[in-house]
Amino acid sequence: MHAPSLGTILNSAPPAHDTGASAALLAAHWGLEGQLDRLSSERDLNWRVSTGQGRYVLKFANLAEDHQVTRFQNLALIHIAARDPALPVPRVVPTLTGETEVTLPDGGLMRLLTYVEGVPMHLAPASPDLRRGVGRMAAGLTRALEGFSHPAADHVLQWDIKQATSLRPLLPAITDADLRGLCAAWLDWFDRVRPDLDALPWQVVHADLNPHNMLTEKDDPAQVSGVLDFGDMVRTPRICDLAVAAAYHIAPENGPESLDQVAAGWSEILPILADEARLLPGLTAIRMVTTLSLASHRATLWPENAAYILRNCASATAGLRALPLPCL
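Now for a quick tour of the structure. Computed from a predicted structure; not experimentally measured.

Reading the values: the criteria
- Residues numbered from 1 in each chain as written.
- Predicted model: local features only at pLDDT ≥ 70, side-chain atom pairs only at ≥ 80, totals over all residues.
- Heavy atoms only, no water.
- Helix = DSSP H or I, 4+ residues; strand = E, 2+ residues; numbered from the N terminus.
- Expected span 1.5 Å × (residues − 1).
- Buried < 20%, exposed > 50% of the residue type's maximum accessible area, 1.4 Å probe, protein only.
- Contact = heavy atoms within 4.5 Å.
- Polar contact = N/O pair within 3.5 Å; in protein donor to acceptor, adjacent residues only side chain to side chain.
- Phe/Tyr/Trp six-rings, centres within 6.5 Å; stacked < 30°, edge-to-face > 60°.
- Lys NZ or Arg CZ within 6 Å of the ring centre and 35° of its normal.
- Axes fitted to C-alpha atoms, helices over the stretch in contact; angles between N-to-C directions.
- Parallel < 35°, antiparallel > 145°, perpendicular 65-115°, else oblique.
- Left-handed = near helix turned anticlockwise from the far one by under 90°.
- Nonpolar A, V, L, I, M, F, W, Y, C, P; charged D, E, K, R; others polar.

Between its first and last C-alpha, helix H2 (residues 67–83) extends 24 Å over 17 residues, near the 24 Å set by a 1.5 Å rise per residue. Every buried residue of H2 is accounted for by Val69, Thr70, Phe72, Gln73, Asn74, Ala76, Leu77 and Ile80. Check the buried side of H2 and you find it contacts strand S5 (109–114), helix H3 (128–144), strand S7 (202–205) and strand S10 (234–237). Measuring from the backbone nitrogen of Gln68 back to the side-chain oxygen at the start of H2 gives 2.8 Å, which picks out Asp66 as the cap.

Written out as structure tokens, the structure is:
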């Protein structure tokens, strides 16, 4: 059966530069040498670079990605650094000639970022303090992105919550019939409330605050210490970034209370409007529907990377079942 279209970027394999070629490009453009260790990525090629001067991330953008989208990410990081220098996010490292990126002969873009130290959040035990910390970090980052604009901010990204209606063709990839039906019911809810999103505050947001993109302190796993991977940034309703962050911290035994804990942390930094609060539980569920739909479909396309692609499906399934579905 022909695969439903996700757009070229989500159906395109990552770049294929090997360690030697990547190291040579790093030395030529940044004058750095060190050990390269490959990092997991859904669509890009990323290397952790360990040098005597510190650690970095060497990033090769997917060849299918519009150059404007990659530049959008770099400019956002520069904006964040100027707006809130204390935020623990990567910094753009200029080349030897002062450029923020390199265009390669194959048409791809390469860039270098600082490496943010910390323990991946998916290894930290769940707790109310961690949930509140996630909310605070998400809101601080969203606040730092206020006022930032770019022509690529309105690019279509299937992970963006506001695009959820187009997930329906992917539902057959979810093998559990009951779960597939639950996802369909949540999409029915979304279709009904989608017009309400237009009246909410919109801005550029991170849009992928999952536990593999957030870090905690080594000696205090409840303390959020960093945010990574700005590859899914998009202009969308501001509250969607809280929904994304919360979707990975819904406790199966008490979904609404755990959501409230993340929201409480956010509220310490940014107010939640009444209409945002009304839609937040459902938008949080829609993020989990997005995770289940896209991951299930993409795992069939890239079985060799299935473990990475499906890494959040178990928690998404448990979380989705823990949030009550509103009456339609």
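Below, the discussion takes up the packing of aromatic side chains. Following the criterion strictly, the structure yields two aromatic pairs and no others. Between Trp186 and Trp189 the ring centres are 5.7 Å apart and the planes differ by 80 degrees, which places this aromatic pair in the edge-to-face class. Linking Trp186 with Trp189, this pair stays in helix H4 (residues 177–193), spanning three residues, or about one helical turn. We classify Trp189 as buried; its relative accessible area is 4%. Directly above the ring of Tyr308 sits Arg311, whose terminal nitrogen or CZ lies 3.9 Å from the centroid.

Right, let's get into the packing of H3 against helix H6 (residues 255–267). Packing of H3 against H6 leaves a shortest axis separation of 6 Å and a crossing angle of 45 degrees. Taken as axis vectors, H3 and H6 run oblique relative to one another. In the crossing of H3 with H6, the sense of the turn from one axis to the other is right-handed. Here H3 contributes Pro128, Arg131, Arg132, Val134, Gly135, Arg136, Ala138, Ala139 and Thr142 to the contact with H6, which in turn contributes Ser258, Gln261, Val262, Gly265 and Trp266. Along the lines of polarity and charge, the residues of the contact of H3 with H6 split into six nonpolar, five polar and three charged.

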